[in-house]
Structures are given as C-alpha cells and as structure tokens.
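Residues per chain, in single letters:
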Amino acid sequence: MRAADYITAFVLMALGGIVLVDAMRLGIGWGTDGPRSGFFPFWLALIMIVTCAVIFVQTFWRGSREVFVTREQLGPVLKVILPAAAMALLTHFVGLYVAAALYTGSYMRWVGRHSWVSVVAVALAISVISFLIFELWFLVPMPKGPVESWLGY
Amino acid sequence: MGLENLFLGFQQALTYQNLFYATVGIMLGTIIGVLPGLGGANGVAILLPLTLRMPPTSAIILLTSIYWGALFGGAITSVLFNIPGEPWSVATTFDGYPLARQGKSGQALTGAFTSSFVGALFATVLITLFAPLLADVALRFGPPEIFAIQFLTFSAFVGLGGGNPLKTVVSIMIGFILATVGLDIVTGQLRMTFGITGLMQGFDFIIAVIGLFGIGEIMLSVEEGLTFKGVQSKMNLRVVLDTWQILPRYWRTFVRSCLIGFWMGFKPGGATPASFMSYSFAKRFSKNPQQFGKGELEGVVAPETAAHAAGVAAILPMITLGIPGSPTAAVMLGGLIIWGLQPGPLLFTEKPDFVWGLIASMYTGNVLGVLIVLAFVPFFAAILRIPFAMLTPLIVVLCAIGSYAVHNSMLDIWYMLIFGAVGYVFKKLDYPLAPLVLALVLGDMAENALRQSLIMSQGSLTIFVDRPIAGVITAVALLFFLMPIIGPWWRRLRGLPIAAPTPREI
C-alpha cells in the first residue's frame, strides 16, 4: 500500500508540475479583461502539488503496511482489463459488435470455462441484441466493420 | 401556487408514454442496482445517449426512474446475498441478511422496500415545498454567490465525506484540472493540450463516470473472486401484508431516519453516511439494542429510509441551484445540458412543465417502483445467478457502447479504460471518486463564476466575504474545510473518545 501511495502522490505531483508549466505559458496574472487562461489551473495545480507533498509525508509516518494487490488478485483483474483493451483495439478494424462478441466469447471460455455451445450462443446474443437496441431501436450508431457492411448496414 | 404547478406536473407524468418510460426505467434501474459494477451513476451514464431523441421530460423521467430502481435494487442483494449492491445499502446487510438466514427474507425485503418508499416520499414532499422557494432565492445569486455555493459543495466532501480529507482535496483538484483541458471558451486559448489533437475535445465527465465507476468497480469485484451464495426469497402477498402490520410500530425510526436522510442528502456525499448514522441512532434508541445485527427489522428500516430520503434529496440542489448532490445527480445534470436545458433556478420560470413533470414523476416513479420490486423480487434475485464470466464481459461491452455513443468517438473508449484503471487504483488507495466527478462536471461553471467575481471586485478575493449571502456561505464552507482539524481537537478537549473513521461515500 505504501509504495502505491508514494507512486500515486509522485505521479500526481509530476502531472501537477506539467499543468503549472502550461499555466505559466498561458499567463497566470491579470489580462486586459480579467484573469488570464492560466490563472485557475495554476492555483489548482499548486494546491494539488502541496497536498500531495503532505500525503507523501503522511504516508511515511502512518502509511498502511498492507499489500496493495496480491498476485492472486492481480490475475483476474488483468484478465478483465487486457482483453478489454484488445477489444477496443479490435473495434478499430472489425467494428464494435464483432469485437464485443469475440471478447465475450473468449472471456467466457477462458475464465468461466463454459461449454462451446453456451459461449457461441451468449456471445452472438449479446452482439445481436445490443445491435437491435442501439442501432435499430434508439438509432445510436456504433463503429461497424466488414461484417456489418456485408450484411448491408 | 405550488399545487396547481404540481397538478400541471402530474399531467405530464401520468401520460401513457411517461408511465411506460418510468416502468422501463425502474426495471432497468433495479437490474442495474442488483448487478455488481453497475451502479446508479454509470447505469444512468451508459443510457444517457439513448435519451438524445426523446422529449426532455420523458428523458429525465426515464433517467430518474433508473435512479429509483437502482436505490431499490441495492436492498435486494443486501438482504438475499449479503452483498451491498450500492455503498448506501451496506448498513442494510447488518440485519437484512440475518433475517433472510432465519427464513424471514420476505419480511426483510418488504420492510426494506416500504422504508425506501416512505423515505423517498418524505423527501419528495419536502422537495415539492422547498424547491420553488430555494429557486427563488437562487435567482438572486450573482457570480460570487454561485462560486461560494460551489466552494460549499466541495468543502462538504472534505469535511463530511469521511476518509482522508487530503486525498479528497486532491481528487477535487484532479477533477477541476481535467475540466480545464481543451478550449478555454473565454479567451479562446487551448489549455493543457500540448499540441495533442486527442486532448483538444477535453475530458467528458460521462466517460469519466463510466470508466471510474463501471470499469473500476468491475476490476475491484473480480479481484475478490465473485461467488454469490444467496438465500431464496420467500415473497407472497401474506408476508407483505403481515409486515405492513408490524411496520407502523417503528414510526419513530421512520420519522428520525427521514429527517437524517433529507438533511444529509441535499448536501453532497450524503446517502451512505445517512444510512450509517440512521442505523446507529435506531440502535441507540431501541428498547432491545442487543438484537441489532442478529436480525432486527428495525435495523433494515432505519438505513433504507435514510438512504432513499438522501438519494431523493440529492435532486433538490440539482434542479434549484444547478449543483448536483451525488454523482448520479451529476450525470442527470449533464443530461439536462445535452438536451439543451440550462440547469439552475431559471428552470422553474422558463421550463415549468419540465421541472414539475420531474417532481410529479418522483411520486409516480416511487409508487410504481415499490409495486414493481415487491412483485418481481424472484426475477431480480435470479439475475445474480447468471455466471459472472457472462456478466463481466457484458458490463464491459455496455460501458464501451455507452462511452462511444457520447461523441461517436473511438478515443472515448480508450479514455474509459484509462479512467477504469485510475478508478481501481484510487479506490484502493482511498482517493474518493465522487468529488472528482463533480469537480469535472462543475469545473467550467466554477471557473466562470470565479472569473466574473474577480472582474467585479477588480481581483480582490474579499468579494466572497463582503456580500452578505456569499459571506455566510463562504463562512460555512471554511468551517467544513476545518472540520477534519477541529473535530479531533474538540473531542480531545471534551474528553470524548476518538471517532471511528467513517466510510467513504462511493
């Protein structure tokens, strides 16, 4: 927990620093008609950096010694987020509905160890139902790929 | 004057179309409330794009009904599965689950739903009475008062939100900074974009809500390894009627919890502390406090009444001041802007049919809600028996669809994933997410109010103290900010034990 606290506080301070630099570029003082663009971000970043510094010290004195994440916990978490990122990447090429079906199917097979029949059925159902609801009923267009254009959409 | 307006509202809320939307909303909302990882805030956020083509009144009725449904849904999982679907139903598990284990799940659920209904109805009546008055006052607010109110909102998170107050401050700052990214509409300059095209559109808070609350929550729940071991629900009309005969005995608890809930709820970050506070008060004033935690119906009544009163009360500042009291209210506020309405006191004069339709729908929605959940408990409980390897990807896919639909932009799906990872880390490290989202929503408004105030005062900060209304609000806000420092000191002075750390709101 401590290490994670230190790293987070440090990253936030660094980000705050970047904001400070850009705020200075924009001007933090009084312009012709009121405070300039950098005024608000400058003070926000400054408060954030100072508070993070205090948190840094606080962690040193009384940071929790618990483990931030154990190996057993990290596994399932990565199994959700990495395939989700793969789905997002895939969406660029084959559209959202196909990517969603592949993501759902592979997750069910890989993590849930469901039978192939239910994997295919559920993956197709999720794609088709969300297509019907969003694309046809509510007219909210999603990214589409070759499969949808082959079907005429 | 209030009554005919309310009557006008009921004419809106009672059309077939709007009753249909309310029913759909309650059903969806309850499902959302039951599912882990899909809370009220991101449930509403995902469905927001669907409302773009609806009339605003129907749209807000759909979204608020989802919110009521989510409030009800949390109680089902708490009682039957000992899993709080929402943070404010944690206190409901204390006595709800033991009751269910004793075979009295029907009694516990009826008690929970009825209490929710009473709490919500109480808060709705108060909103009906006070909203127009508050809006009248708010109409006279200038930029300094608006900024002072914002200051108060965030000070409430720091002073009353629980957890580490410093981390609350950091979360607020992150939200405000994210809000400044992109085009500065006042000067026309690009800020914090560093020449990266992707940053020019800025960060949309809906994406942040879906990522932080949706993806982040999923990551947290798979980490614990999801297994649902539930108790069968035994619901029938007899149980409901029998419980209704017992409930009037707890009228004192009802009244107390309603007041606690409303008082905590219209300030930000209220529902969760309200439910805990109400539970501990009920225990303290009970004739048999030793029964609490072992299956006392009063221990279900107290937190549920307060949580619903607080949840409904969070709507009050949203419609009167344009400042949301909870992340879900923040998403609805975002909805108002998307539908082309200006949130705030002007709504009451310019769009009375919308505001009063919304208020009337709070009555109809909660009546419909309590009937629907009582009737369909077994159906909602069955949702948790869906294997989690099916639910998890389904929720992720829904989050992705919701994020993309906001701007039709692939980049938003990536932002959603990043926000998800950030939400996961922040939640584990006790950085609160609700103030971050609220700061992101209110960022532009706060900055404009600050700028205009400073222009009025030629750059002097004393404008926030000199004007009477702004001065009082600022003073209260400063008091809240100092609470984490004064609180322990005051307790030591009076020889009281150090307070137990309060849990975070969401």
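Each value, and the rule that gives it
Residues numbered from 1 in each chain as written. Chains lettered and ligands numbered in written order. Predicted model: local features only at pLDDT ≥ 70, side-chain atom pairs only at ≥ 80, totals over all residues. Heavy atoms only, no water. Contact = heavy atoms within 4.5 Å. Buried area = accessible area lost by both parts, 1.4 Å probe. Salt bridge = Lys/Arg side-chain N within 4 Å of Asp/Glu carboxyl O. Polar contact = N/O pair within 3.5 Å; in protein donor to acceptor, adjacent residues only side chain to side chain. Helix = DSSP H or I, 4+ residues; strand = E, 2+ residues; numbered from the N terminus. Nonpolar A, V, L, I, M, F, W, Y, C, P; charged D, E, K, R; others polar. Phe/Tyr/Trp six-rings, centres within 6.5 Å; stacked < 30°, edge-to-face > 60°. Lys NZ or Arg CZ within 6 Å of the ring centre and 35° of its normal. Expected span 1.5 Å × (residues − 1). Buried < 20%, exposed > 50% of the residue type's maximum accessible area, 1.4 Å probe, protein only.

J.: Would you explain the interface of chain B and chain A in this entry?
T.: Quoted interface sizes are often the accessible area lost when the parts come together. On the chain A side, the residues contacting the 60 residues of chain B number 62 residues. Summed over both partners, the interface of chain B with chain A buries about 5400 Å², with 81% contributed by carbon and sulfur atoms. The salt bridge partner of A:Asp5 is B:Lys167, with a shortest N-O separation of 2.9 Å. Inspection of the region where chain B meets chain A yields 10 residue pairs in polar contact (both at pLDDT 80 or more). Of all the elements in the fold, those that place two or more residues in the side of chain B that touches chain A are α8 (165–180), β2 (190–191), α10 (205–223), α19 (388–407), α20 (410–428) and α21 (434–456) of chain B. Top element by residues in the side of chain B that touches chain A is α19(B). It accounts for 13 residues. Its residues placed into classes, the side of chain B that touches chain A shows 42 nonpolar, 10 polar and 8 charged.

J.: I'm lost on the packing of aromatic side chains in this one. Help?
T.: Under the criterion given, the structure shown has 24 aromatic pairs over all chains. Members of the aromatic cluster, each reached through a chain of ring pairs, are A:Phe40, B:Phe154, B:Phe157 and B:Phe176. The ring of B:Phe281 carries the charged tip of B:Arg284 above its face, separated from the ring centre by 5.4 Å. Above the ring of A:Phe68, the side-chain terminus of B:Lys428 is found at 5.1 Å from the ring centroid.

J.: Help me understand helix α1 (residues 2–26) of chain A, please; the structure alone is not making it clear to me.
T.: Structurally, the α-helix is built with 3.6 residues per turn, so residues lying three or four positions apart point the same way. For α1(A), with 25 residues, the first-to-last C-alpha span of 36 Å sits near the 36 Å given by 1.5 Å per residue. Those residues of α1(A) not exposed but buried are A:Ala4, A:Asp5, A:Thr8, A:Ala9, A:Leu12, A:Gly16, A:Val19, A:Leu20, A:Asp22, A:Ala23 and A:Leu26. Contacts from the buried residues of α1(A) go to α2 (39–62) of chain A together with α8, β2 and α20 of chain B. With its phi angle positive at about 100 degrees, A:Gly27 sits one or two positions after the end of α1(A).

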